[in-house]
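# An overview of the molecular structure
Letter by letter, the chains look like this.
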Amino acid sequence: MKQGFFSVLATGALMIWAGMSQPAPAAPPNVLIIVADDLGYADLGFQGSKEIPTPHLDKLAAESIRCTSGYVPHPFCSPTRASLLTGRYQHRFGHENNPAWLPADRNAGLPLDQITFPQVMKKAGYLTGAVGKWHLGAHPDFHPNRRGFDEYWGLLGGGHMYFPTNKGGVEYTIPLDRNGKEAPFTNYLTAQIGMEAAAFVRRHAGAVKPWLLYLAFNAPHTPLQAPEDWLAKLAAIKDERRRAYAAMVAAMDDAIGEVLQALQSSGQERNTLLFFISDNGGPNLPAPNSPAFTDNSPLRGHKGAVYEGGIRVPFLVKWPARLKGGRTYDAAVSAMDFLATAAAAAGAPLPNDRPMDGVNLLPYLAGEQTGAPHEFLFWRSGGPGGNYAARMGPWKYVRLKEKEPELYNLTADIGETKNVAADHPQVLAQMRAAVAAWDQQTIAPIFESPRPAKAKKKAENK
């Protein structure tokens with residue numbers, strides 16, 4: 001499932017020259033993965049936003065390869081992270097839902113038989129760290145330090161209060177964690193995450209070992225809690241929820257800027273392979289007299305949907321020592337590819353005892369290999385028989401549960417406004433067959449998301 005069907009929409013000769021003219025680095029690169037949480041597709045300056053200032057990410061985008069058809073493997077939080085950290089479709093091992101905060105449950109989390117990104121990189125001699133949101137299981141066996149990360153600081157659940165004095169539910173008020181012990185909560189959380197990540201970068205500058213840092217913000221995920229200075233700067237945004245969300249995005253940009261500055265000032269920028277994404281599209285959470293506070297335009301749908309607005313995200317790749325930046329790459333790629341790409345850069349072997357779905361993007365991004373990294377990309381939400389999507393070249397297939405399948409040409413219709421299934425029966429049949437074959441390689445979810453689980457229990461008790 002890894003070759004051909006659609007070509008890179010760029011001048012091939014120029015890309016080959018640009019990629020091959022870059023000298024190979026003398027040493028394996030550091031690897032930095034930055035993940036935003038519930039970020040709207042159009043809510044960054046380089047994505048077209050005129051009201052949310054994101055100068056640090058805009059500068060990063062100008063220096064990176066911006067993947068215009070960049071996807072995540074799932075339309076909501078934890079399954080995307082499970083796929084990113086294993087390089088596999090999460091459906092292969094049943095991690096299709098968000099795990100509830102259940103510290104006694106050894107089942108609700110990233111299955112313990114899965115080989116993780118840091119475990120792969122450690123075999124190539126890497127030091128590994130994670131900062132920020134985990135959301136891959138509450139049982140101690142799922143702790144990042146037990147899944148391959150040498151260092152961890154952050155929030156273990158699916159979200160958190162942003163200020164130390166905020167009140168909330170158990171999962172959102174659990175103590176911050178440093179390597180299995182309670183850590184002080186002293187600042188606006190997004191800023192503190194940025195400071196911890198920057199400290200990691202500076203601490204390991206000049207170390208014998210290269211490093212991997214998985215930097216996962218919980219911003220701008222709800223609750224909408226923003227620093228006062230940014231709320232004041234964005235007072236022109238009249239809708240209060242939109243203003244709070246915008247301030248949270250701007251504060252995250254500041255935190256990312258601190259990390260990027262640490263890279264630059266420590267002399268590590270050139271030989272750091274950096275990825276940036278959101279874990280899914282922005283949520284559609286309108287309130288009385290207030291629209292949804294995120295903007296996924298021009299895409300259709302939102303977090304939770306298999307339309308583009310749920311799965312297509314801002315997507316940057318930067319490695320100055322190997323890849324020429326300041327350009328776009330248009331073939332479909334996935335966050336699932338990060339592991340194979342980083343492992344290739346590091347000279348780390350991938351697991352050979354299981355199917356690996358991610359692709360090494362380096363030869364494609366360097367212009368050394370033509371064609372598309374993936375023949376197909378697949379999505380499923382809701383388990384077998386749920387909502388499906390697939391992409392093949394310009395074509396997007398959607399089937400919502402028992403409804404008739406839909407087909408869109410994304411080159412002509414990125415907003416998925418015109419179903420052309422009736423006009424292209426052969427393409428539809430090919431994609432339907434591919435989805436059915438892929439579905440046979442998956443299993444049902446091994447745990448339920450918290451809300452459906454609660455609803456089911458309530459119904460059983462009636």
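Residues numbered from 1 in each chain as written. Predicted model: local features only at pLDDT ≥ 70, side-chain atom pairs only at ≥ 80, totals over all residues. Heavy atoms only, no water.

## Some remarks on the environment of Gly-382
Structurally, the position occupied by Gly-382 is in the loop between strand 13 (377-381) and strand 14 (387-392). It is 9.8 Å that separates the C-alpha atoms of Gly-382 and Ser-449, two residues lying 67 residues apart in sequence. (Helix = DSSP H or I, 4+ residues; strand = E, 2+ residues; numbered from the N terminus.)

## Focus on the nonpolar core
Soluble globular proteins tend to pack their nonpolar side chains together in the buried interior. One finds Leu-32, Leu-215 and Phe-276 to be the most contacted residues of the largest nonpolar core, which totals 53 residues. Residue contributions to this core peak at 15 residues, all from helix 7 (residues 240-265). Apart from residues no more than four positions distant in its own chain, Phe-276 is found in contact with Ile-34, Ala-36, Leu-39, Leu-44, Leu-57, Ile-256, Pro-314, Phe-315 and Leu-316. If you look at the next biggest cluster of nonpolar residues, it comprises 52 residues, including Ile-277, Val-313, Val-333 and Met-356. (Core = buried A, V, L, I, M, F, W, Y, C linked by side-chain atoms within 4.5 Å. Buried < 20%, exposed > 50% of the residue type's maximum accessible area, 1.4 Å probe, protein only. Contact = heavy atoms within 4.5 Å.)

## Digging into the sheet that holds strand 16 (residues 406-409)
One key point about sheets: their strands pair by backbone hydrogen bonds, in either a parallel or an antiparallel sense. Read from one edge to the other, the open sheet built from 4 strands follows the order 13-14-15-16, with strand pairing classed as antiparallel. Where the open sheet ends on each side, the last strands, each with one partner, are strand 13 and strand 16. Averaged over neighbouring strand pairs, the angle between their axes works out to 15° when direction is ignored. Bridge analysis of strand 13 against strand 14 gives 5 bridges, and the strand direction is antiparallel. Paired with Arg-380 across the bridge in strand 14 is Tyr-388. (Pairing = 2+ DSSP bridges. Axes fitted to C-alpha atoms, helices over the stretch in contact; angles between N-to-C directions.)

## Details of helix 5 (residues 189-203)
Every α-helix winds through 3.6 residues per turn, so residues three or four apart in the chain are directed the same way. If you check helix 5, its first and last C-alpha atoms are 21 Å apart, about what 15 residues at 1.5 Å a residue would give, namely 21 Å. Among the residues making up helix 5, those that are buried are Leu-189, Thr-190, Gln-192, Ile-193, Gly-194, Glu-196, Ala-197, Ala-198, Phe-200 and Val-201. Contact partners of the buried residues in helix 5: strand 4 (127-133), strand 5 (151-155), strand 6 (176-178), strand 8 (211-216) and helix 7. (Expected span 1.5 Å × (residues − 1).)

## A short note on the pattern of salt bridges
Here the structure, examined in full by the defined rule, presents 22 salt bridges. With its nearest N and O atoms 2.7 Å apart, the salt bridge here joins Glu-51 to Arg-242. On the criterion of sequence distance, the pair formed by Glu-51 in the loop between strand 1 (30-36) and helix 2 (55-63) and Arg-242 in helix 7 is long-range, its members being 191 residues apart. Since its relative accessible area comes to 36%, Glu-51 is described here as partly exposed. The residue Arg-92 makes a salt bridge to Asp-357 at a minimum N-O spacing of 2.8 Å. With Arg-92 in the loop between helix 3 (77-84) and helix 4 (117-122) and Asp-357 in the loop between helix 9 (338-346) and helix 10 (362-365), the pair connects residues that are 265 residues apart, well separated along the chain. (Salt bridge = Lys/Arg side-chain N within 4 Å of Asp/Glu carboxyl O.)

## Side note on the packing of helix 5 against helix 7
With their axes 8 Å apart at the nearest point, helix 5 and helix 7 run at an angle of 10° to one another. Judged on the interaxial angle alone, helix 7 and helix 5 are roughly parallel. Counting all contacts with helix 5, which are made through Thr-190, Gly-194, Met-195, Ala-197, Ala-198, Val-201 and Arg-202, the residues of helix 7 involved are Ala-251, Met-252, Ala-255, Glu-258, Val-259, Ala-262 and Leu-263. Class assignment for the residues of the contact of helix 5 with helix 7 results in 10 nonpolar, 2 polar and 2 charged. (Parallel < 35°, antiparallel > 145°, perpendicular 65-115°, else oblique. Nonpolar A, V, L, I, M, F, W, Y, C, P; charged D, E, K, R; others polar.)

## Observations concerning the sheet that holds strand 8
The 10 strands lie next to each other as 7-6-5-4-8-1-9-10-2-11, forming an open sheet whose pairing is mixed. This sheet does not close on itself; its edge strands, each paired only once, are strand 7 (181-183) and strand 11 (327-329). Adjacent strand axes in the sheet meet at a mean angle of 15° when their direction is disregarded. With 7 bridges connecting them, strand 1 and strand 9 (residues 272-278) associate as parallel partners. Counterpart to Leu-32 in the pairing with strand 9 is Leu-274.

## Thoughts on the side chain of Glu-308
Among the secondary structure elements, Glu-308 is positioned in helix 8 (residues 308-311). Looking at Glu-308, the relative accessible area reads 0%, which means it is buried. Side-chain polar atoms of Glu-308 contact the side chain of Lys-396, separated by 2.8 Å. Discounting residues that sit within four places of it in the chain, Glu-308 has contacts with Tyr-71, Leu-299, Arg-300, Lys-396, Leu-410, Ile-414 and Glu-416. (Polar contact = N/O pair within 3.5 Å; in protein donor to acceptor, adjacent residues only side chain to side chain.)

## Quick look at the pairing of strand 9
Counting buried positions over the 7 residues of strand 9 gives 7, a clear majority of the element. Burial along strand 9 is two-sided: the face carrying Thr-272, Leu-274, Phe-276 and Ser-278 and the face carrying Leu-273, Phe-275 and Ile-277 are both buried. Where strand 9 lies against strand 10 (residues 315-318), 4 bridges are found, and the strand directions are antiparallel. In the strand pairing of strand 10, Phe-275 is matched with Val-317.

## Focus: helix 11 (residues 425-439)
With 15 residues, helix 11 ought to run about 21 Å at 1.5 Å a step, and its terminal C-alpha atoms sit 21 Å apart, in line with that. Turning to helix 11, its buried residues are Val-427, Leu-428, Met-431, Ala-434, Val-435, Trp-438 and Asp-439. One side of helix 11 holds all its buried residues, which, seen down the axis, span an arc of 135°. For helix 11, the exposed residues set more than 90 degrees away from the buried face come down to Pro-425 and Gln-426. (Arc of directions from axis to C-beta.)

## Points about the confidence of the model for the protein
When the pLDDT values of the protein are averaged, the result is 93; 92% of them are 70 or greater. Considering only residues more than four positions removed or in separate chains, one finds that residues 1-24, a stretch of pLDDT under 50, has 60 contacts. Across residues 453-462 the pLDDT falls below 50, and counting only partners more than four positions away or on other chains, this stretch makes 2 contacts in the model. (pLDDT = per-residue confidence, 0-100.)

## Looking at the side chain of Ser-49
Within the secondary structure, Ser-49 sits in the loop between strand 1 and helix 2. Among the polar contacts made by the side chain of Ser-49, one reaches the main-chain amide nitrogen of Glu-51 at a distance of 3.4 Å. A distance of 3.2 Å separates the side chain of Ser-49 from the backbone nitrogen of Ile-52, its partner in a polar contact. If we ignore the near neighbours within four places in the chain, the residues touching Ser-49 are Ala-42, Asp-43 and Leu-44.

## Remarks on unusual backbone geometry
Here the amide bond leading from Ala-219 into Pro-220 is cis, since omega sits at 0°, within 30 degrees of zero. Within the secondary structure, Pro-220 sits in the loop between strand 8 and helix 6 (228-233). In the segment running from Ser-297 into Pro-298, the intervening peptide bond is cis, with an omega of 5°. Among the structural elements, Pro-298 can be located in the loop between strand 9 and helix 8. Phi is positive for Asn-289, which is not a glycine, with a value near 65°. Considering the arrangement of structural elements, one finds Asn-289 in the loop between strand 9 and helix 8. Looking at Asn-289, the relative accessible area reads 84%, which means it is exposed.

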